[in-house]
Amino acid sequence: MLLIALALIASGAVAWFVSTVAAGGAAMLMIPVVTFLLGAQVVAPAISVGAFVANPSRAWLFRDAVDWQVCRWLVPGSLCGALLGAWAFSQFPVFWIQMVLGGFLVSTIFQYRFGKSRRSFPMKRSWFFPLGLVIAFLSALVGGTGPVQNPFMLNYGLEKEQLVATKAINSLALQLTKLLAYTGFGVMTLEIAGYGLVIGLGGALGAWLAHRHLININADRFRLYTLSLMPICGVLLIAEALRG
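Residues numbered from 1 in each chain as written. Predicted model: local features only at pLDDT ≥ 70, side-chain atom pairs only at ≥ 80, totals over all residues. Heavy atoms only, no water.

## Some words on the overall build of the chain
- Across its full length, the chain carries 10 helices and 0 strands.
- For a compact globule of 244 residues, the expected C-alpha radius of gyration is about 18 Å, and the chain comes in at 16 Å, within 12% of that figure.
- Here the chain holds 244 residues, and the buried ones make up 52% of them.
- Relative to all contacts within the chain whose residues are 6 or more apart in sequence, the contacts with residues 24 or more apart total 86%. (Helix = DSSP H or I, 4+ residues; strand = E, 2+ residues; numbered from the N terminus. Rg over C-alpha atoms; globule rule 2.2 N^0.38 Å. Buried < 20%, exposed > 50% of the residue type's maximum accessible area, 1.4 Å probe, protein only. Contact = heavy atoms within 4.5 Å.)

Listed below in structure tokens is the structure:
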């Protein structure tokens, strides 16, 4: 038990450090770890607890950079999607969802022409409502879809602290809704919540350590981190689907 807790704290710190400097991916990086240590059925609720514990530190650290106009559209969609996704958690096989999301993330290499293109498609502010709905629904099913939002936010024009902060605010609302829904539908247990708390404490430490690094890097380095992480998370999702 102690070894599992230490592994979860350490992996949570690494995952949230990486996801802070690359705008997402903590949940996806944690999926194989949690699956190996605790089992596949624990992944979605445990990571949701971890994200809910870890993300307030990220939201606070970058609070001045939040784009509240985007949040006005993104958060309501995420709340609706989280409720639907938590209900569907035990109803649908997630294999094809993981494969499609993984393929989309891998395709960002080509969407951005290996980093040479600044935008791959136009993005309007009002489109964040349906985006939040779909992403939150899928997140409740597979445990995490954070990097899937990144191409849309990059194409809207959010960069560095703006992107990280706006996603952190949305994640707080999303994870709280998922936790309440998981509990209401009988998926959450005290044991799972305990594991999630340990992940979240490690995540909060990782976000704090990453704060100064993100401020000091330029926008081009940030985009390099982000565009590199998205296909990596895509490969992890596809591997997890094939493994299951």
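So, next bit.
## Some thoughts on the side chain of N55
- Within the element layout of this structure, N55 appears in helix α3 (residues 43–61).
- The class of N55 is buried, set by a relative accessible area of 3%.
- One polar contact links N55 to S171, side chain to side chain, over a distance of 2.5 Å.
- Once residues within four sequence positions are removed from consideration, N55 is found in contact with W16, A168, S171 and L172. (Polar contact = N/O pair within 3.5 Å; in protein donor to acceptor, adjacent residues only side chain to side chain.)

## Quick word on the packing of aromatic side chains
- Going through the model one piece at a time under the given rule, you end up with 1 aromatic pair.
- The cationic tip of R63 hangs over the ring face of W60; the distance from NZ or CZ to the ring centre is 3.7 Å. (Phe/Tyr/Trp six-rings, centres within 6.5 Å; stacked < 30°, edge-to-face > 60°. Lys NZ or Arg CZ within 6 Å of the ring centre and 35° of its normal.)

## Observations regarding helix α1 (residues 2–21)
- The end-to-end C-alpha separation of α1 is 29 Å, in line with the 28 Å expected for 20 residues at 1.5 Å each.
- The secondary structure elements touched by the buried residues of α1 are α2 (26–38), α3, α8 (160–184), α9 (190–216) and α10 (219–243).
- Note on α1: the residue one or two positions beyond its end, A23, has a positive phi of about 65 degrees. (Expected span 1.5 Å × (residues − 1).)

## Observations concerning unusual backbone geometry
- Although it is not a glycine, K160 adopts a positive phi angle of roughly 45 degrees.
- Mapped onto the fold, K160 is located in helix α8.

## Comments concerning a nonpolar patch on the surface
- Together, F17, L205, W208 and L209 make up a nonpolar patch on the protein surface, roughly 410 Å² of accessible area in all.
- Its place among the elements puts L209 in helix α9.
- What makes L209 partly exposed here is its relative accessible area of 46%. (Patch = residues over 30% accessible without salt bridge, like charges linked within 9 Å, V, L, I, M, F, W, Y side chains within 5 Å. Areas by Shrake-Rupley, 256 points an atom, 1.4 Å probe, with all protein chains shown as cover. Salt bridge = Lys/Arg side-chain N within 4 Å of Asp/Glu carboxyl O.)

## Focus: the pattern of salt bridges
- Under the criterion given, the structure shown has 2 salt bridges.
- We note a salt bridge from K160 to E161, for which the minimum N-O separation is 3.7 Å.

## Focus on the packing of α1 against α3
- Remark: α1 packs on α3, axes separated minimally by 12 Å, with the N-to-C direction vectors making an angle of 50 degrees. When the interaxial angle is binned, α1 and α3 end up oblique. The hand of the α1/α3 crossing is right-handed. Only G50, A51, A54, N55 and R58 of α3 make contact with α1, whose side of the interface consists of W16, S19 and T20. (Axes fitted to C-alpha atoms, helices over the stretch in contact; angles between N-to-C directions. Parallel < 35°, antiparallel > 145°, perpendicular 65-115°, else oblique. Left-handed = near helix turned anticlockwise from the far one by under 90°.)

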